[in-house]
Amino acid sequence: MFRVKRFSTKLLISYLVIICLFIIVSAAFIYDQFYKTLDQQTANFVFEILDSESTSLNETTAHMESIILGISVNSTLNEFIRSASTYSDKEYTDNYSNTVEPLLDWIVKSNNEISRINMFTTNTHIHDVGYFFNYNQYMKEGWFPEEVQEQQLYQTYWDKMHRHRDYLKVNSSDGYVYSLFYWYEIGDNKVLIEFEISTNILFSSLKDYSISKSGYITIYDFPLNRFLKDDPILNYLTTNQEFILALQENEKGIYHFHYEDIDYEAFFNQANITGSYLITIIPEKEIKNLIPVNKNIVYFLSGFVIIIIGLAIIFQRSFARRIVSVQKAIKQVEKGDFSIHIPVKGKDEIDMLANDFNIMATKIEDLINKVYVSEIERKQAELFALQSQIRPHFIYNTLESIRMLAEINDEEEISSGLMALGQLIRSKNHSSEDLITIKDEIKTVENYITVENITHNDRIHFQVDVDENIESLKIINMILQPILENSIIHGFNSGYDLNITMSIKTDGKMLQITVDDDGLGVDNDRLIELKNSLLEMKYNKNISIGLINVQKRIKLYFGEAYGIEVIQLEKGLRVVIKLPVII
């Protein structure tokens with residue numbers, strides 16, 4: 001049954017099969033790329049949240065550092081530490097209760113993140129009560145010397161997360177804090193300031209932060225291998241060596257893991273606080289829902305499939321149209337039209353068939369054309385005869401006028417007239433080509449006007465409007481002189497000067513030469529007669545032979561699309577010559 005179908009139908013079916021395979025492969029590729037892009041967008045979205053929280057956390061820690069630096073340069077506090085040895089018991093108590101303690105109380109109350117301020121000093125005259133602690137006494141405890149060794153004068157230092165120490169009294173339910181230290185000197189006294197930062201308050205914004213249905217953000221302290229949030233999944237990660245290794249090797253990244261038949265992704269970003277990471281745990285099935293999928297994508301894919309099928313139909317019709325063009329060309333040859341030509345744009349079998357057909361038609365046409373060689377030679381002879389009629393037509397009358405003028409008045413005017421005439425004769429005798437440039441033809445016309453002005457007392461005024469970039473284009477030799485001769489013979493009035501203007505323009509495809517004169521013109525009857533003669537190319541005793549000859553020459557050279565047109569002006573006559581552009 002497939003054999004009896006039309007060729008175009010077979011093509012369409014074949015294309016649809018190929019296109020369907022292409023669509024399936026493309027759809028799989030697009031689906032893969034789409035979800036890869038979606039995964040990347042989701043990762044960027046989550047990291048933007050982590051970056052935002054990290055920035056907020058960094059701003060808080062930077063604020064804490066600025067406060068501790070402010071305390072270190074507080075003149076009231078430093079004066080108290082410096083002068084403690086000179087105070088009496090009453091003066092010491094008054095200064096501490098009235099200045100130092102209110103100052104430190106105000107700082108703690110103004111900053112929720114600070115649970116307590118501890119100041120360790122080597123000044124033994126400062127009592128170990130309230131905010132102050134004896135530096136040398138705590139050097140005996142194991143943790144304190146380690147912290148001191150990590151310190152550098154006049155630099156802030158964040159201690160890792162740790163449990164409450166004996167001297168700490170932090171309002172925290174989980175028993176873990178961060179410590180910010182700053183060590184400086186006042187005279188001979190060393191002072192170590194410690195801010196106790198409650199993890200519950202510092203990370204309070206993360207407690208209720210939900211990224212997806214079950215996703216959340218928490219803090220992981222690497223040195224303690226401990227999460228701030230108590231969760232079975234997080235407890236599992238603390239025992240996962242691959243996860244811990246990923247944190248060691250990267251400050252920022254994604255870790256995929258499987259827990260209780262569910263796939264998860266852990267997004268992590270290191271914070272400024274020593275050994276701490278912001279961690280987001282999200283089930284993979286919820287990740288793709290973080291960024292809503294635009295329904296336009298579905299419409300786009302549907303439209304894409306429709307376009308592909310439409311292109312298949314278009315391509316099928318294109319191939320079928322090429323075969324139909326060959327079929328139509330064969331029928332044209334059957335009717336005797338051997339000039340038919342099938343466009344060949346490629347090298348496939350159809351193009352090879354079309355090319356062979358074109359060669360066959362051309363050879364047949366060449367054989368037939370040989371029969372008409374004699375007719376073509378006759379037309380060429382006729383063309384030459386027409387040119388020969390034009391060339392001497394005005395020369396004899398001009399020579400007679402110059403001769404008579406020479407007998408009457410031997411002046412320079414005769415010399416210029418003879419020079420112009422000589423150039424006219426030489427341009428014709430030395431020209432062996434039928435086509436010459438516009439520039440050379442204009443010179444011929446100007447010489448002709450010079451000669452005519454001898455017999456018309458310089459009362460013929462001629463102007464030419466032509467762009468320099470088209471002066472090199474070629475036109476038929478000696479077609480402008482008969483037009484000007486017609487204007488002079490039929491338009492000159494002995495009582496007035498004759499003005500002739502010539503304009504030569506082109507649009508790139510057609511060359512148009514317009515000759516206007518302000519002479520006597522013609523009446524309507526003669527204008528109709530002139531147009532009919534030019535249309536039929538028949539000589540008429542009332543019509544200039546020069547115009548008819550020029551019309552014939554143009555038609556013989558270039559075909560029926562080109563030629564002469566005459567238009568009656570309000571004063572005078574316009575002749576429009578249309579020629580092809582020849583470079």
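As shown above, the structure is provided for reference.
Per chain, residue numbering runs from 1 following the sequence as it is written. This being a predicted model, a pLDDT of at least 70 is required before a residue's local features are given, and a value of 80 or more before pairs of side-chain atoms are given or counted; all residues contribute to the totals for chains, interfaces and linings. Side-chain numbers come from the whole structure's heavy atoms, not from hydrogens or water.

Draft legend 1. Examining the overall build of the protein more closely. Put simply, DSSP H or I for four residues or longer makes a helix, DSSP E for two residues or longer makes a strand, and each gets a number counted from the N terminus. Looking only at helices and strands, one finds 19 helices and 17 strands in the protein. For the protein, the proportion of its 583 residues judged to be buried stands at 42%. Contacts: residue pairs with any heavy atoms within 4.5 Å of one another. Restricting to contacts in the protein with at least 6 residues of sequence separation, those with at least 24 account for 62%. Carbon and sulfur atoms make up 53% of the accessible area of the protein, which totals about 33000 Å². Using a 1.4 Å probe on the protein chains alone, a residue whose accessible area is under 20% of its type maximum counts as buried, one over 50% counts as exposed, and one in between counts as partly exposed. Using a 1.4 Å probe, the Shrake-Rupley method yields the accessible areas, and only the shown protein chains count as cover for residues.

Draft legend 2. Spatial organisation of the pairing of strand β16 (residues 563–568). Strand direction decides the pairing type here: β16 and strand β17 (residues 573–580), joined by 6 bridges, are antiparallel. Within β17, the position partnered with glutamate 565 by the bridge is valine 576. In this scheme, strands are said to pair when DSSP sees at least two bridges between them. Counted between consecutive antiparallel strands, the loop separating β16 from β17 contains 4 residues, among which glycine 572 sits at a positive phi close to 105°.

Draft legend 3. Expanded view of the sheet that holds strand β12 (residues 460–466). Sheet architecture is open: 5 strands sit in the order β12-β14-β15-β17-β16, paired in mixed fashion. With one partner strand each, in any of the chains shown, β12 and β16 form the two edges of the open sheet. Strand-to-strand, the axes of this sheet are offset by a mean angle of 15°, without reference to chain direction. Pairing analysis gives 8 bridges linking strand β15 (residues 510–517) to β17, with the strands arranged antiparallel. Bridge pairing links glutamine 512 to lysine 578 in β17. Here helix α18 (residues 524–536) sits on the sheet in contact with β16 and β17, set at roughly 170° to β16. Each axis is a line fitted through C-alpha atoms, and for a helix only the stretch in contact is used; angles between axes span 0 to 180 degrees, taken between their N-to-C directions.

Draft legend 4. Representation of helix α16 (residues 438–455) in the model. Each helix should span, by expectation, one fewer than its residue count multiplied by 1.5 Å. End to end, α16 covers 26 Å across 18 residues, agreeing with the expected 26 Å (1.5 Å per residue, within 8%). Following α16 by one or two positions, asparagine 457 adopts a phi angle in the positive range, close to 55°.

Draft legend 5. Quick look at the packing of aromatic side chains. Between the rings of Phe, Tyr and Trp (Trp by its six-membered ring), a pair exists once the centres lie within 6.5 Å; its type follows the angle of the planes, with under 30 degrees stacked, over 60 edge-to-face, and the other angles tilted. Counted under the stated rule, the structure contains 18 aromatic pairs. Taking 5.6 Å as the distance between ring centres and 80° as the angle between the ring planes, the aromatic pair formed by phenylalanine 47 and phenylalanine 267 counts as edge-to-face. Here the residue phenylalanine 47 occupies a position in helix α1 (residues 7–72), and phenylalanine 267 occupies one in strand β9 (residues 262–270), the gap between them amounting to 220 residues. Assessed through its relative accessible area of 1%, phenylalanine 267 is described here as buried. With a centroid separation of 5.8 Å and an interplanar angle of 40°, the aromatic rings of tyrosine 557 and phenylalanine 558 are classed as tilted. Among the residues examined, tyrosine 557 registers a relative accessible area of 25% and is labelled partly exposed. By relative accessible area, phenylalanine 558 is classed as partly exposed at 21%. Aromatic ring contacts, followed pair by pair, group Tyr220, Tyr236, Phe243, Tyr255, Phe257, Tyr259 and Tyr264 into a single cluster. Whether a charge lies above a ring is judged from NZ of Lys or CZ of Arg, which has to be within 6 Å of the ring centre and within 35 degrees of the ring normal. A cation over a ring is seen here: lysine 571 above tyrosine 496, with NZ or CZ 6.0 Å from the ring centre.

Draft legend 6. Representation of the pattern of salt bridges. Should a side-chain nitrogen of Lys or Arg be within 4 Å of a carboxyl oxygen of Asp or Glu, the pair is scored as a salt bridge. Per the stated rule, a full pass over the model turns up 7 salt bridges. Note that aspartate 51 and lysine 252 form a salt bridge whose closest N and O atoms lie 3.2 Å from each other. On the criterion of sequence distance, the pair formed by aspartate 51 in helix α1 and lysine 252 in strand β8 (residues 252–259) is long-range, its members being 201 residues apart. Looking at aspartate 51, the relative accessible area reads 29%, which means it is partly exposed. Glutamate 560 is the partner of lysine 555 in a salt bridge, and the nearest nitrogen-oxygen pair spans 3.8 Å.

Draft legend 7. Quick peek at unusual backbone geometry. Even without glycine at this site, glutamate 260 takes up a positive phi of about 50°. Examined against the element boundaries, glutamate 260 turns out to sit in the loop between β8 and β9. Since its relative accessible area comes to 60%, glutamate 260 is described here as exposed. Phi at aspartate 458 takes a positive value of approximately 55°, unusual for a residue other than glycine. Tracing the backbone shows aspartate 458 in the loop between α16 and β12.

Draft legend 8. Structural view of the packing of α18 against helix α19 (residues 545–558). Packing of α18 against α19 leaves a shortest axis separation of 9 Å and a crossing angle of 35°. Two packed elements cross with a definite hand, and for α18 against α19 that hand is right-handed. Here α18 contributes Leu530, Ser533 and Leu534 to the contact with α19, which in turn contributes Leu547, Ile548 and Gln551. A crossing counts as left-handed when the near helix is turned anticlockwise from the far one by less than a right angle, and as right-handed when that turn is clockwise.

Draft legend 9. Up close: the nonpolar core. In terms of nonpolar packing, the biggest core is built from 50 residues, with Ile81, Ile117, Met119, Phe132 and Phe195 touching the most fellow members. With 10 residues, α1 is the largest single contributor of residues to this core. If we skip the residues at most four places from it in the chain, isoleucine 117 touches Ile71, Leu104, Ile107, Val108, Tyr131, Ile193, Glu194 and Phe195. As used here, the term nonpolar core means buried Ala, Val, Leu, Ile, Met, Phe, Trp, Tyr and Cys residues forming a set that is joined through side-chain atoms within 4.5 Å. In terms of nonpolar packing, the next biggest core, distinct from the first, is built from 40 residues, Val445, Val515, Leu527 and Val550 among them.

Draft legend 10. Molecular detail of helix α5 (residues 143–150). Taken as a whole, α5 has its buried residues at Trp143, Phe144, Pro145, Glu147 and Val148. Where the residues of α5 are buried, they touch β1 (114–121), α4 (135–138), β3 (156–163), β4 (176–186) and β5 (189–198).

Draft legend 11. Representation of a nonpolar patch on the surface in the model. Each patch is built from residues lacking any salt bridge and having more than 30% relative accessible area; the joining distance is 9 Å for like charges and 5 Å for nonpolar side chains (Val, Leu, Ile, Met, Phe, Trp, Tyr). Together, Ile13, Val17, Leu21 and Ile24 make up a nonpolar patch on the protein surface, roughly 370 Å² of accessible area in all. Within the element layout of this structure, valine 17 appears in helix α1. Owing to a relative accessible area of 49%, valine 17 belongs among the partly exposed residues under this scheme.

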